[in-house]
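Here is how the chains run, residue by residue.
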Amino acid sequence: MAELERGETANSILCYMRETSLSEDFAREHISNLIDKTWKKMNKDRFSDSPFEEPFLETAINLARISHCTYQPGDGHGAPDSRSKDGVLSLIIEPIPCYDPSTNFHSHIHL
């Protein structure tokens, strides 16, 4: 694993591999399934009665979003590659092309 080659500590995939003696591919699939289930639970809980205030819930969801965007295509923090850079550029820097058919006007929205 690239993380270990850089001398980093264990991550969830490596821990699961050691616990179960499964391959990296199976461990990645398992962790991916856990992430999917957690997103579904977070989204469901977000719209149910909660003891937490809305600002807290929004902050928790936004932190999860940031983590997901940073690490989904690979290690966007410890070893960023072009995918991570392109993702940040497309989300934050590059304008979004817009077209208004009623005015036949093309514009760009900058986030």
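So, a few notes on the structure that sits alongside this text.

How each quantity is defined
Counting starts from 1 at the beginning of each chain's written sequence and moves along it residue by residue. Where local features are concerned, this predicted model is filtered to residues with pLDDT of at least 70; where side-chain atom pairs are given and counted, the filter is 80 or more; whole-chain, interface and lining totals use all residues. To get the side-chain values, all heavy atoms of the structure are used, and hydrogens and water are removed first. Helix numbering and strand numbering both begin at the N terminus, where a helix is a DSSP run of H or I of at least 4 residues and a strand a DSSP run of E of at least 2. Contact between two residues is taken to exist if any of their heavy atoms lie within 4.5 Å; hydrogens are not considered. In short, Shrake-Rupley with a 1.4 Å probe defines the accessible areas, and a residue's cover is counted only from the protein chains shown. Joining through side-chain atoms within 4.5 Å is the link that ties buried Ala, Val, Leu, Ile, Met, Phe, Trp, Tyr and Cys residues into a set, and such a set is a nonpolar core. Partly exposed describes any residue whose relative accessible area lies between the buried limit of under 20% and the exposed limit of over 50%, with all areas from a 1.4 Å probe on protein chains only and scaled to the type maximum. Salt bridges are counted wherever a side-chain nitrogen of Lys or Arg sits within 4 Å of a carboxyl oxygen of Asp or Glu. Here, expected helix span is obtained from the residue count minus one, scaled by 1.5 Å. Between N-to-C directions, angles cover 0 to 180 degrees, with each direction set by a line fitted to C-alpha atoms, over the stretch in contact for helices. Angle categories are assigned with fixed cut-offs, so that under 35 degrees is roughly parallel, over 145 is roughly antiparallel, 65 to 115 is roughly perpendicular, and the rest are oblique. Handedness of a crossing is defined here by the sense of rotation of the near helix relative to the far one, left-handed for an anticlockwise turn of less than a right angle and right-handed for a clockwise turn. All amino acids are sorted into three groups, where Ala, Val, Leu, Ile, Met, Phe, Trp, Tyr, Cys and Pro are nonpolar, Asp, Glu, Lys and Arg are charged, and the leftover types, Gly among them, are polar.

Take the overall build of the protein next. On a plain count of helices and strands, the protein comes out with five helices and two strands. Order of helices (α) and strands (β) in the protein, N terminus to C terminus: α-α-α-α-α-β-β. Here the contacts in the protein between residues at least 6 apart in sequence split such that 17% fall between residues at least 24 apart. Surface summary for the protein: the accessible area is close to 8,800 Å², and the carbon and sulfur share equals 60%.

This next bit is on the nonpolar core. Ile13, Tyr16, Met17, Ala27 and Ile31 together form the largest nonpolar core, which totals five residues. At the level of secondary structure, the elements contributing two or more residues to this core comprise helix H2 (12-20) and helix H3 (24-46). The greatest single-element share of this core, amounting to three residues, is contributed by H2. Apart from the residues within four sequence positions on either side, Tyr16 is in contact with Ser21, Leu22, Ala27 and His30.

Glancing now at the pattern of salt bridges. Inspection of every chain in the model, using the stated rule, returns three salt bridges. A salt bridge links Arg46 to Glu58; its shortest N-O distance comes to 2.6 Å. Of the two residues, Arg46 sits in helix H3 while Glu58 sits in helix H4 (residues 54-71), which places them twelve residues apart along the sequence.

Structurally, Arg28 is set in helix H3. Arg28 sits 16 residues away from Ser12 along the chain, and the two C-alpha atoms are 8.9 Å apart.

If you check H3, its first and last C-alpha atoms are 32 Å apart, about what 23 residues at 1.5 Å a residue would give, namely 33 Å. Residues Ala27, Ile31 and Trp39 constitute the buried set of H3. Where the residues of H3 are buried, they touch H2 and H4.

Take the packing of H2 against H3 next. The contact between H2 and H3 brings their axes to 9 Å, and the two run at 120 degrees. As far as their axial angle goes, H3 and H2 are oblique. The way H2 lies across H3 gives a crossing that is right-handed. From H2, Ser12, Ile13, Tyr16 and Met17 reach across to H3, where they touch Glu24, Ala27, Arg28, His30 and Ile31. Looking at the contact of H2 with H3, its residues break down into five nonpolar, two polar and two charged.

The values are spatial; any link to function lies outside them.
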